[in-house]
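A closer look at the structure
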There are 2 protein chains.
Amino acid sequence: MIEDEKNTDINNKDLDEETLFVVSQTFKALGDPTRIRILHLLFHSEYSVNGIAEALKLRQTTVSHQLRFLKNLRLVKYRREGTTLFYSHDDEHVMNVLEQTIQHACHS
Amino acid sequence: MIEDEKNTDINNKDLDEETLFVVSQTFKALGDPTRIRILHLLFHSEYSVNGIAEALKLRQTTVSHQLRFLKNLRLVKYRREGTTLFYSHDDEHVMNVLEQTIQHACHS
DNA sequence: TTAAAATATGAATATATATTGATATATACA
DNA sequence: TGTATATATCAATATATATTCATATTTTAA
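In this report, the structure presented in the accompanying data block is examined. Here the structure is a predicted model, which is why all the values come from computation and not from measurement.

**Re the overall build of chain A**
- Within chain A, the secondary structure is distributed over 5 helices and 3 strands.
- Relative to its 108 residues, chain A shows a buried fraction of 47%.
- Sequence separation of at least 24 residues holds for 47% of the intrachain contacts in chain A that already meet a minimum separation of 6.
- In the structure as shown, chain A presents an accessible area of about 6,600 Å², 48% of it carried by carbon and sulfur atoms.

In structure tokens:
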């Protein structure tokens, strides 16, 4: 069998570019302490931007920037109520991975 | 109940510093495409440093640096055979999380 | 339509990180 | 002991990223 440069072979031990991109982006999102804290907070319930900032003692602008990051990856979503935006998590798989790993880190 | 600055309260929605550090380091390791490719390769079997470099078309020095990174986090280990070092994965939980997420990314 | 409140955006800065070429170290063996 | 092979380390560079201040946008209500 001729080796495929573009690596479409299902048996190939290397990953295709698109999968690699998605996976690395996902883990990159979970690789920052601030984003971890935000996601972990949202695990329990929805929060407004200021609510997150107060709960975690972060600046509003920091929270907003990180929420945009998480939103772009569809890891969070929001609903509007007046001028307030309530954010909640939007990816069960990622939340499971996060909480699993937190538990694993705590109990070891 | 008085709020604890150091956040030792088990009901607190924020994470303690040590857990946060371990979790973020772990995900940071998985947040880089090169390290993902290396770990995914090691999922199947052990490889020498040059073996990894050849399989993934990376430079020896790049592979060596990333292996040191992964070794520091105890995500990989190695055994020596002459001048050759055979690396293999050393954290079942992290490998499960990685492979799960790869499967999730492929089939969606 | 003006003000206030909540959130988002832009630009700047500081820090972290990945890769690389050059070189050092370590092991085996002639 | 000297050489070849495999791997690790160092230093430099380029790029990515997180945070911040200042300001813009959006929505509501007076």
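**Points about the sheet that holds strand β1 (residues 47-48) of chain A**
Residue and element names in this part refer to chain A.
- Pairing is antiparallel across the open sheet formed by 3 strands, whose spatial order is β1-β3-β2. Each edge of the sheet is formed by a strand with only one pairing partner; in this case those strands are β1 and β2 (76-81).
- As paired strands, β2 and strand β3 (residues 84-89) are joined by 6 bridges and run antiparallel to one another. When the bridges of β3 are listed, Y78 appears paired with Y87.

**Topic: the interface of chain B and chain A**
- Facing 31 residues of chain B, the contacting portion of chain A comprises 31 residues.
- For the pair chain B and chain A, the number of links is 2 salt bridges.
- The closest approach of N and O atoms between R37 of chain A and D14 of chain B, which form a salt bridge, is 2.7 Å.
- Across the contact surface, chain B and chain A share 2 residue pairs in polar contact (both at pLDDT 80 or more).
- Of all the elements in the fold, those that place two or more residues in the side of chain B that touches chain A are α1 (17-30), α2 (33-44) and α5 (92-106) of chain B.
- Sort the elements by how many residues they give to the side of chain B that touches chain A and α5 of chain B lands first, with 9 residues.
- Its residues assigned to classes, the side of chain B that touches chain A comprises 16 nonpolar, 9 polar and 6 charged.

Procedures and definitions
Numbers given for residues are sequential positions, taken from 1 along each chain in its written order. In the order they appear in the text, chains get letters beginning with A and ligands get numbers beginning with 1. A pLDDT threshold of at least 70 governs which residues receive local features in this predicted model, and a stricter bar of 80 or more applies before side-chain atom pairs are shown or counted, although totals over entire chains, interfaces and linings include all residues. Side-chain figures throughout are based on the complete set of non-hydrogen atoms in the structure, without hydrogens or water. Labels follow the DSSP assignment, with helices taken as runs of H or I lasting at least four residues and strands as runs of E lasting at least two, numbered in each case from the N terminus. Burial classification: accessible surface area is computed with a 1.4 Å probe over protein chains only, and a residue below 20% of its type maximum counts as buried, one above 50% as exposed, and the rest as partly exposed. Only heavy atoms matter for contacts: two residues are in contact if any of them lie within 4.5 Å across the pair. All accessible-area figures derive from a Shrake-Rupley calculation using a 1.4 Å probe, and residue coverage is judged against the displayed protein chains alone. Pairing between strands is defined by DSSP: at least two bridges between them are needed. Here, a salt bridge means any side-chain nitrogen of Lys or Arg that lies within 4 Å of a carboxyl oxygen of Asp or Glu. The term polar contact refers here to a pair of N or O atoms within 3.5 Å; inside protein, the definition further demands a hydrogen-donor-capable atom paired with an acceptor-capable atom, and it admits residues adjacent in sequence only when both atoms are side-chain atoms. Polar here means any residue outside two lists: the nonpolar Ala, Val, Leu, Ile, Met, Phe, Trp, Tyr, Cys and Pro, and the charged Asp, Glu, Lys and Arg; Gly therefore counts as polar.

On their own, these measurements won't tell you what the molecule is for.
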